[in-house]
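If you want the building blocks of each chain, they are given just below.
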Amino acid sequence: MIEIKVPGYGQLCISHLVLDYNGTLARDGKLIEGVGERLTELAGQLEIHVLTADTFGGVARELSAVPCSVFVIPIDDQAGAKAGYLRKLGPEGAVAIGNGRNDRIMLKEAALGIATVQTEGASLEAVLAADIASPNIVDALDLLLHPLRLTATLRS
């Protein structure tokens, strides 16, 4: 669990990290450099959940060395499937990270939503639903590894 007290924002008690795969953790189906190591480090504190339509068919191979759960979402109503998964975990104890329009609901409902804006871009709806916009996934994961960065960004 990661506990962070943010003045003017509140107390975050995070036990789950819920992530989109393509466009967030991966580019063209391949895990982005530095992501696996950071997820492995975070797995000591958080349960990691990766949600994907597995567009490129290689998510299991790419994440085989990472301690995480992978959930393949259906083609129809992806936003609803991701939000439903988050709700089963308990959004009040989760951080969600994503970039797509289908991530917007989980980003909004999570205790902390982080939108990544990388080479695939980011849906404006996802960015507006998030609490934080990050230039890339490595920096987004580093926010969790170095929680005082979150305090600096979120305090009022």
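See the structure above.
Before going into details, it helps to say that this report is about the structure given with it. (Residues numbered from 1 in each chain as written. Predicted model: local features only at pLDDT ≥ 70, side-chain atom pairs only at ≥ 80, totals over all residues. Heavy atoms only, no water.)

Secondary structure summary: the protein contains seven helices and ten strands in total. Taking 15 Å as the expected radius of gyration for a compact globule of 156 residues, we find that the protein reaches 14 Å, a close match to that expectation. A burial count over the protein gives 51% of its 156 residues as buried. Sequence-distant contacts, at least 24 apart, represent 51% of the contacts inside the protein between residues at least 6 apart. Accessible surface, the protein as shown: approximately 7300 Å² in total, 52% of it carbon and sulfur. A gap of 3 Å separates the mean positions of the 13 positive and 19 negative side-chain charges of the protein. (Helix = DSSP H or I, 4+ residues; strand = E, 2+ residues; numbered from the N terminus. Rg over C-alpha atoms; globule rule 2.2 N^0.38 Å. Buried < 20%, exposed > 50% of the residue type's maximum accessible area, 1.4 Å probe, protein only. Contact = heavy atoms within 4.5 Å. Areas by Shrake-Rupley, 256 points an atom, 1.4 Å probe, with all protein chains shown as cover. Lys, Arg positive; Asp, Glu negative; His and termini not counted. Charge placed at Lys NZ, Arg CZ, Asp CG, Glu CD.)

Now for unusual backbone geometry. Phi is positive for Asp54, close to 50°, though the residue is something other than glycine. In this fold, Asp54 is placed in the loop between β6 (47–52) and α2 (59–62). Look at Asp77: it is not a glycine, yet its phi comes out positive at around 50°. Residue position: Asp77 is located in the loop between β7 (69–72) and α3 (78–89).

Our focus in this paragraph is the pairing of strand β2 (residues 10–14). Relative to β2, strand β1 (residues 2–6) runs antiparallel, the two sharing five bridges. Residue Ile4 lies in a different strand from β2, and its bridge partner there is Leu12. (Pairing = 2+ DSSP bridges.)

The full count for this structure, using the stated rule, is one aromatic pair. Their ring planes at 35° and their centres at 5.1 Å tell us that Phe71 and Tyr85 sit as a pair that is tilted. Taken together, the positions of Phe71 in strand β7 and Tyr85 in helix α3 put the pair 14 residues apart, joining distant regions of the chain. A relative accessible area of 34% places Phe71 in the partly exposed class. (Phe/Tyr/Trp six-rings, centres within 6.5 Å; stacked < 30°, edge-to-face > 60°.)

Our next topic: the environment of Asp20. The residue Asp20 is located in strand β3 (residues 16–20) in this model. Once you skip the residues sitting within four places of it in the chain, Asp20 turns out to touch Leu25, Leu51, Lys82, Ile97, Gly98, Asn99, Asp103 and Met106. Here Lys82 takes part through its side chain, which lies 2.8 Å from a polar atom of the side chain of Asp20. (Polar contact = N/O pair within 3.5 Å; in protein donor to acceptor, adjacent residues only side chain to side chain.)

Strand order in this open sheet of six strands is β7-β6-β3-β8-β9-β10, and the pairing throughout is parallel. The open sheet has two free edges, formed respectively by β7 and β10 (132–134), since each of these has just one partner strand. Recorded for the sheet is a direction-independent mean angle of 20° between the axes of neighbouring strands. Bridge count between strand β9 (residues 112–116) and β10: three bridges; the pairing is parallel. Within β10, the residue paired with Ile114 across the bridge is Ile132. (Axes fitted to C-alpha atoms, helices over the stretch in contact; angles between N-to-C directions.)

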